[in-house]
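Overview (structure and organization)
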Amino acid sequence: MSGTGEKGSATTKTPADFLKSIRGRPVVVKLNSGVDYRGILACLDGYMNIAMEQTEEYVNGQLKNKYGDAFIRGNNVLYISTSKRTLGDGA
C-alpha cells in the first residue's frame, strides 16, 4: 500500500461530495438509452433517483420536449454532468 491518496487530504472529494455540491445547479443527465435531460438538479437519493426542474429532453442532440419538473429513476442513469452552458443558451 502506498501513502498517496490516504484519508486526511483536504483536496480529496468523494462522488457524494460532488453530488451534494451540484444541487440547485444546471446538469446534464444521460440515460442508458442515449437520451439527455438538461435542467436544474432539485434533489437525488442513494438510488440515484433524480428530481429536476426546468427540464429539457434531447434525443440525438435535438430538443424534443420541455418539462417543468421531471423525475428520473436511478437505474436508467448512465451519468450526471454539470452543464457548461446556462439553460436557454442557443447552439
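Residues numbered from 1 in each chain as written. Predicted model: local features only at pLDDT ≥ 70, side-chain atom pairs only at ≥ 80, totals over all residues. Heavy atoms only, no water.

Put simply, the test is: UniProt positions are given in the numbering used here, feature names are shortened, and annotations may be inferred rather than shown by experiment.
As recorded in an unreviewed UniProt entry, the protein chain goes by the name Sm domain-containing protein, listed as coming from Escallonia rubra. Quoted verbatim from the Sequence similarities (unreviewed entry) field of the UniProt record, the comment on the protein chain reads "Belongs to the snRNP Sm proteins family. SmF/LSm6 subfamily."

**A look at the confidence of the model for the protein chain**
The condition is simple: The quantity known as pLDDT measures the predictor's confidence residue by residue, on a range of 0 to 100. A run of H or I in DSSP becomes a helix once it reaches four residues, and a run of E becomes a strand once it reaches two; helices and strands are each numbered from the N terminus.
On average, the protein chain scores 85 in pLDDT, and the residues at 70 or more come to 80%. Across the protein chain, the element-wise mean pLDDT spans from 86 in helix H1 (residues 15-21) up to 97 in strand E3 (residues 50-59).

**A word on unusual backbone geometry**
As a reminder of what qualifies: The classification of residues rests on relative accessible area computed with a 1.4 Å probe and restricted to protein chains. Under 20% of the type maximum is buried, over 50% is exposed, and intermediate values are partly exposed.
One non-glycine residue, Met 48, lies in the positive phi region at around 70°. Within the element layout of this structure, Met 48 appears in the loop between strand E2 (36-44) and E3. On the basis of relative accessibility, which here comes to 28%, the residue Met 48 falls in the partly exposed class.

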